[in-house]
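One letter stands for each residue in the lines below.
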Amino acid sequence: MARIKGRQARPAGASATLYARVAPHNMAKAQAAASALGTSVAAYLDALLEQEQLDELGRPSWWDQPVRASSDQEELPLQRVS
């Protein structure tokens, strides 16, 4: 398959696919930022994630919402061992 003009090729195995649903206004914001940079939304998001600052627990330092511990999640009845 031919490469899109102006986009850099990545070596095989150098990337993974990320699928996410976001609010339409956030998608428009990402598209506008990528366009202003002359790059793809994927390249923009990749660079954005590279800049992410994480705390000692691996959480984004800017996150201010309550964090649910994995033990707080309900277990499906089919997974219970009697």
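What you are looking at is a predicted structure, and each value in this text was computed from that prediction instead of being measured.

Reading the values: rules and limits
Residues numbered from 1 in each chain as written. Predicted model: local features only at pLDDT ≥ 70, side-chain atom pairs only at ≥ 80, totals over all residues. Heavy atoms only, no water. Helix = DSSP H or I, 4+ residues; strand = E, 2+ residues; numbered from the N terminus. Buried < 20%, exposed > 50% of the residue type's maximum accessible area, 1.4 Å probe, protein only. Areas by Shrake-Rupley, 256 points an atom, 1.4 Å probe, with all protein chains shown as cover. Patch = residues over 30% accessible without salt bridge, like charges linked within 9 Å, V, L, I, M, F, W, Y side chains within 5 Å. Salt bridge = Lys/Arg side-chain N within 4 Å of Asp/Glu carboxyl O. Contact = heavy atoms within 4.5 Å. Polar contact = N/O pair within 3.5 Å; in protein donor to acceptor, adjacent residues only side chain to side chain. Expected span 1.5 Å × (residues − 1).

**Notes on the overall build of the chain**
No. 1: Looking only at helices and strands, the chain features two helices and zero strands.
No. 2: For the chain, with 82 residues in total, the buried portion stands at 4%.
No. 3: By element, 54% of the accessible surface of the chain is carried by carbon and sulfur atoms, the whole surface being about 8,200 Å².

**Re a nonpolar patch on the surface**
No. 1: A contiguous nonpolar surface patch, about 360 Å² in accessible area, is contributed by W62, W63 and V67.
No. 2: When you line up the elements, V67 lands in the segment after α2 (41-50).
No. 3: When its relative accessible area of 46% is taken as the criterion, V67 is described as partly exposed.

**A short note on the environment of P60**
No. 1: As for its placement among the helices and strands, P60 is situated in the segment after α2.
No. 2: Ignoring anything within four residues of it in the chain, the contact list for P60 reads E52, Q53 and L54.

**Brief notes about the side chain of S40**
No. 1: The topology assignment puts S40 in the loop between α1 (24-37) and α2.
No. 2: Among the polar contacts listed, one links the side chain of S40 to the backbone nitrogen of A43, at a separation of 3.0 Å.

**What to know about α1**
For an α-helix, the turn length of 3.6 residues means that residues three or four places apart are oriented alike.
No. 1: If you check α1, its first and last C-alpha atoms are 20 Å apart, about what 14 residues at 1.5 Å a residue would give, namely 20 Å.
No. 2: Just downstream of α1 lies G38, where phi reads positive at about 75°.

**Quick look at the environment of T17**
No. 1: Checked against the element boundaries, T17 lands in the segment before α1.
No. 2: When the C-alpha atoms of T17 and A42 are compared, they prove to be 9.3 Å apart, with 25 residues separating the residues in sequence.

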